[in-house]
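# Tertiary structure, described
Below are the chains, spelled out letter by letter.
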Amino acid sequence: MSVLVFDENWDGKFKKLSFELVSYSSKLAEMLNTSAIAMSIGTVADDELQKLGKYGAAKIIHATGEGMNILDNQTWVNTIFDIAEKENATVIVLSNNIMGKALAPRLSVRMKAGLGAGVSGLPKSTEPFVVYKKVFSGNAFADVLIRSEKKILTLSQNSFQLIEKPGVPEIVNVSVSLEAGAVKTQVKDVQKQTGKILLTDAEVVVSGGRGMKSPDNWGPLIELAELLGAATACSRPVSDEGWRPHEEHTGQTGKIIAPNLYFAFGISGATQHLAGVSSSKFIVAVNSDKDAPIFEAAQYGIVGDAIKILPKLIEAVKEIKGK
């Protein structure tokens, strides 16, 4: 019996999300009186794999093979399934991101395992197995009972703290042999965004809405983002108007993000927008309407004109940074 955590790597490197998953799985393993085993697919150096042991992974399985550096749902699910069977894993933990959402349902069917999607914390109990999650775009919470012997969980980003539990994990390299034609996915071209922080990776996000009044007013918002080492984002009306590129649109129909700090300037806080940012650890809202829904979700709020307040915030940040 064990808890198996699948850790995605990005070009051979792990991110905070990876360590969050291991921290969660390690604590879950303690609740189940077992151990946490981490696994990753694709080329990753041993010193990078060792980092997972810092957060409680007792063992790390590194699966490689020709064609395994490309995400192919079928071959990756088969690989995770085979390792889970070998390690007698009764719980498999993945991230609730695009990759996790692609793999988890397939694993659930393959293993005849109950699926707890987007959980927000450790199980409330293990007998019976009850997990906790946000529902209705983060406006409510639900307890989900999973009755099956085996379970698949996807953890919402930024919903569990990093807990260091230093150790020296055993690294097991597994070579996966695929039959000819097994990999159905072909990558013909890769275009990576450069010169700015990726919105989905950012720890701090500075976002603007229609309260910015014009695309000509975006300069101070970008300046604040640069000072904070933050990514920039916007609400859907802003991208629809062409004020900002569509890849910056956050919300239910845009990008779902979970930064540590989210600034919302001139954003009213429609349900669709909050669905995409409600997992942020802290939300700071600036809006001239004291009754704007964004204030209900925000931990900190300023009632006022975003265009007038932005320069004051920039001045304050510069003073703190000594610039």
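Each remark here, short or long, concerns the structure printed above.
In this report, the structure presented in the accompanying data block is examined. Small disclaimer: the values here were computed from a predicted structure and weren't measured.

### Here we look at helix α9 (residues 306–321)
For α9, with 16 residues, the first-to-last C-alpha span of 22 Å sits near the 22 Å given by 1.5 Å per residue. Listed in full, the buried residues belonging to α9 are Ala-306, Ile-309, Leu-310, Ile-314 and Val-317. The arc enclosing the buried residues of α9, seen along the axis, measures out at 145°, which places them on a common side. Opposite the buried face of α9, at more than 90 degrees from it, the exposed residues are Lys-308, Lys-312, Glu-315 and Glu-319. One side-chain oxygen of the residue at the start of α9 lies 3.0 Å from the amide nitrogen of Ile-307, identifying that residue as Asp-305. Immediately beyond the C-terminal end of α9, within one or two residues, lies Gly-322, with a positive phi of roughly 70°.

### Overview of helix α3 (residues 73–86)
A rise of 1.5 Å per residue sets the reference length of α3, with its 14 residues, at 20 Å; its end C-alpha atoms lie 20 Å apart and thus fit the reference within 8%. Looking only at α3, the buried set comprises Thr-75, Trp-76, Val-77, Thr-79, Ile-80, Phe-81, Ile-83 and Ala-84. Where α3 is buried, its residues contact β1 (2–6), β2 (36–41), β3 (59–64), β4 (89–95) and α4 (98–111). Directly beyond the C-terminal end of α3, a positive phi value near 50° is found at Asn-88.

### Some words on the pattern of salt bridges
Across all of its chains, the model carries 15 salt bridges by this definition. Linking Lys-124 and Asp-143 is a salt bridge whose minimum nitrogen-to-oxygen distance equals 3.2 Å. Residue Lys-124 is located in the loop between β5 (114–119) and β6 (125–126), and its partner Asp-143 is located in strand β8 (residues 140–146); the two are separated by 19 residues in the primary sequence. Residue classification places Asp-143 among the partly exposed positions, given a relative accessible area of 45%. Salt bridges here are not isolated pairs; linked through shared partners, they connect Lys-13, Glu-48 and Lys-51.

### Observations regarding the pairing of β3
Counting buried positions over the 6 residues of β3 gives 5, a clear majority of the element. Of the strand pairs in this sheet, β2 and β3 are connected by 5 bridges, and their pairing is parallel. For Met-39, the partnering residue across the bridge sits in β3 and is Ile-61. Of the pairings in the sheet, the one linking β3 to strand β10 (residues 170–175) comprises 6 bridges and is parallel in character. Looking at β10, one finds that Ile-61 is bridged to Val-172.

### Some details on the nonpolar core
Judged by nonpolar contacts, the single largest core of 27 residues is most densely connected at Val-3, Tyr-24, Leu-28, Leu-52, Val-91, Val-93 and Leu-153. Within the residue set of this core, elements represented by two or more residues are β1, α1 (16–31), β2, β4, β7 (129–135) and β9 (151–155). In terms of residues, this core owes the most to one element, α1, which gives 6 residues. Once residues within four sequence positions are removed from consideration, Val-3 is found in contact with Ser-25, Leu-28, Ala-29, Leu-32, Thr-34, Ser-35, Ala-36, Ile-37, Val-91 and Val-93. With 25 residues, the next largest nonpolar core counts Ala-89, Leu-94, Met-99 and Leu-107 among its residues.

### Some points on the sheet that holds strand β11 (residues 204–208)
One open sheet holds the 5 strands; their spatial order is β12-β11-β13-β14-β15, and the pairing between them is parallel. Of all strands in the sheet, those bounded by a partner on one side alone are β12 (231–234) and β15 (300–303). Direction aside, the axes of adjacent strands within the sheet are offset by 15° on average. As judged from the 5 bridges shared by strand β13 (residues 261–265) and strand β14 (residues 282–287), these two strands associate in the parallel manner.

### A word on the packing of aromatic side chains
In total, this model carries 7 aromatic pairs according to the counting rule given. With centroids separated by 5.4 Å and ring planes inclined at 90°, the aromatic side chains of Tyr-24 and Phe-160 adopt a geometry described as edge-to-face. One end of the pair, Tyr-24, is in helix α1; the other, Phe-160, is in the loop between β9 and β10, with 136 residues separating them in the sequence. Classification of Tyr-24 as buried rests on a relative accessible area of 0%. We classify Phe-160 as buried; its relative accessible area is 9%. Pairing Trp-218 with Trp-243 gives two aromatic rings, centres 6.3 Å apart and planes at 70°, and the pair type is edge-to-face. With a gap of 25 residues between them, Trp-218 in the loop between β11 and α5 (219–228) and Trp-243 in the loop between α6 (236–240) and β13 connect regions that are remote in the sequence.

What counts, and at which threshold
- Residues numbered from 1 in each chain as written.
- Predicted model: local features only at pLDDT ≥ 70, side-chain atom pairs only at ≥ 80, totals over all residues.
- Heavy atoms only, no water.
- Helix = DSSP H or I, 4+ residues; strand = E, 2+ residues; numbered from the N terminus.
- Expected span 1.5 Å × (residues − 1).
- Buried < 20%, exposed > 50% of the residue type's maximum accessible area, 1.4 Å probe, protein only.
- Arc of directions from axis to C-beta.
- Polar contact = N/O pair within 3.5 Å; in protein donor to acceptor, adjacent residues only side chain to side chain.
- Contact = heavy atoms within 4.5 Å.
- Salt bridge = Lys/Arg side-chain N within 4 Å of Asp/Glu carboxyl O.
- Pairing = 2+ DSSP bridges.
- Core = buried A, V, L, I, M, F, W, Y, C linked by side-chain atoms within 4.5 Å.
- Axes fitted to C-alpha atoms, helices over the stretch in contact; angles between N-to-C directions.
- Phe/Tyr/Trp six-rings, centres within 6.5 Å; stacked < 30°, edge-to-face > 60°.

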